[in-house]
Amino acid sequence: MGIKASLVDPHGILDNWDGDAVDPCSWNMVTCSPENLVISLGIPSQNLSGTLSPSIGNLTNLHTVVLQDNNITGPIPSEIGKLSKLQSLDLSDNFFNGEIPPSLGHLRSLQYLRLNNNSFCGECPESLANMAQLAFLDLSYNNLSGPVPRILAKSFSILGNPLVCATGKESKCPGMTLMPMSMNLNSTGDAIPSGRPKTHKIAIAFGLSMGCLCSIVLGFGLVLWRRHKHNQPAFFDVKDRHHEEVYLGNLKRFQLRELQIATNNFSNKNILGKGGFGNVYKGVLQDGTLVAVKRLKDGNATGGEIQFQTEVEMISLAVHRNLLKLYGFCMTPTERLLVYPYMSNGSVASRLKGELNGKPVLDWGTRKQIALGAARGLLYLHEQCDPKIIHRDVKAANILLDDYCEAVVGDFGLAKLLDHQDSHVTTAVRGTVGHIAPEYLSTGQSSEKTDVFGFGILLLELITGQRALEFGKAANQKGAMLDWVKKIHQEKKLEVLVDKDLKNNYDRIELEEIVQVALLCTQYLPGHRPKMSEVVRMLEGDGLAEKWEASQSADTTTKCKTHEFASSDRFSDLTDDSSLLVQAMELSGPR
């Protein structure tokens, strides 16, 4: 409640934070563990202002704090150093100011730290050098000055801080000798990567030659700061002490030999899954780390090495608790491999089919959490990632489950990156039969709303425990699956939808709400479908009734106009008894 009191909330996002009914696990933007401990506070892109209360230090079980893309001002409270379990802290794109508190160095479990695009000043605290677990650190586009401690993070950016000087200089950086900001802090030197604007090189060269004329350098810095929204920061690598290990950005570039050893030479016994992209193998790295190695088809395609590496590095910057982290990749003239952490609970599809021996049936509460986690992952890809990413193959097989059965969206590795200037991407149809939005199937035109459609089908799969094609055919409704679900909803017979393995252990009111969200997501016209931010809010219990009522009114007025696109015609090709209906339904190429 202290956090709520210090923030200005123009859209009422935190209205259900009620101090008289203390159950924070039911509040918007708050996530709890199975033991009802508050472990995540995620309020990105909500136009919040005000300050961050020091009382955040009392939430000692927090693993994740995400407040990015708001208008919050003031300093980071030093009390944040009490959050010993914190693994991810994202305060980027706000107006935080003052010095970075040395207490951040107490966060020994922190792996991901973003403070970029704020107004922090002063020197980087030496304590940041103590954060041995830190894998990703972004301090770019602030007003920091002085020397930078020797940061251990493998991915580290400090671009856009004109007064920062090189590690190893004397305490106050005599003469204000500047360094190229995109250069490895542990190296002595090469040129700035060519991806940065030429004006950046000129600014640094001018600063080096003029030394004392800091005002000129600051002028260039301000120009670059204004442009930073349009230029993706160049993340650079702090090299590992073992020179033979190569890191690009926050990715490791693996040698083919070490992945062959890890997977027992890509043994069939190690296959975790197969798809249109190729096979996924379980592997064990030399240090004992379990990984999943995705071996892409058409790995020997000529050309494209630079494009592949660039796309993979860009995708790796999409970091969120509900997105599958990319450890690294391997690229040879004949192979393209992606390396991910191993997910012990497999995919949602495998758990719904009961394929994992000894694993219990997913209960209703877990299925709800999976839906919400997957929605938050897609929300990040669509609205909080820059550039935004369209997944294009949202389905139960691509939602993975970690040790705690938390949803992790996978297989967005080579999805098309969508620039903000573009409203859609037209490309060859890729996806899975039964999950493909009608406009994508007919025109090859995809947008975020294509993913929203796939998410709606995913919700129905979680409810029924069956693949989309299976529960459509089970009702003997050849192709009219969504019309069938809508009819069942109207007749108030939703119990016939529910997975028999749940044995009636589910909440009837929640069932109807989730079915309504699914039907909203799978509306025929993309413009009628909600955004993922709206989907997340509806799954959290906010705004569903209004959205559903509006959709019913719109549906009544447009029925006659869209009669020629009746669902039984629109979807007949998705469930036809043809040669398409084989086990591998993927239409996608290498992903």
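Predicted model only: the values in this text are computed from it and were never measured.

A. Spatial organisation of the packing of aromatic side chains. The final tally for this structure, using the stated rule, is five aromatic pairs. Taking 5.3 Å as the distance between ring centres and 65 degrees as the angle between the ring planes, the aromatic pair formed by F266 and Y281 counts as edge-to-face. Of the two residues, F266 is situated in the loop between α4 (256–262) and β18 (271–275) and Y281 in strand β19 (residues 278–284); the sequence distance between them amounts to 15 residues. Y281 sits in the buried class, given a relative accessible area of 4%. Arranged with centres 5.9 Å apart and planes meeting at 50 degrees, the rings of W364 and Y506 form a pair that is tilted. Residue W364 is found in helix α7 (residues 364–384), and its partner Y506 is found in the loop between α11 (481–490) and α12 (508–521); the two are separated by 142 residues along the sequence. Y506 carries the same exposure label as W364, and that label is buried. The aromatic ring of F266 is capped on one face by R295, whose charged end is 4.2 Å from the ring centroid.

B. The state of the cysteines, seen in detail. All told, the structure shown has one disulfide when counted by the stated rule. One disulfide in the model links C25 with C32; its S-S distance is 2.2 Å. Between C25 and C32, the S-S torsion sits near -95 degrees, and that sign places the bridge as left-handed.

C. Here's a closer look at the pattern of salt bridges. Under the criterion given, the structure shown has 13 salt bridges. A salt bridge links K294 to D411; its shortest N-O distance comes to 3.1 Å. Here D411 lies in the loop between β25 (407–409) and β26 (417–418) and K294 lies in strand β20 (residues 290–296), a separation of 117 residues in the sequence. Judged on exposure class, the residue K294 and its partner D411 are both buried.

Rules of the game
- Residues numbered from 1 in each chain as written.
- Predicted model: local features only at pLDDT ≥ 70, side-chain atom pairs only at ≥ 80, totals over all residues.
- Heavy atoms only, no water.
- Phe/Tyr/Trp six-rings, centres within 6.5 Å; stacked < 30°, edge-to-face > 60°.
- Helix = DSSP H or I, 4+ residues; strand = E, 2+ residues; numbered from the N terminus.
- Buried < 20%, exposed > 50% of the residue type's maximum accessible area, 1.4 Å probe, protein only.
- Lys NZ or Arg CZ within 6 Å of the ring centre and 35° of its normal.
- Disulfide = S-S within 2.5 Å.
- Salt bridge = Lys/Arg side-chain N within 4 Å of Asp/Glu carboxyl O.

From the geometry alone we can't say anything about function, so treat these as descriptive.
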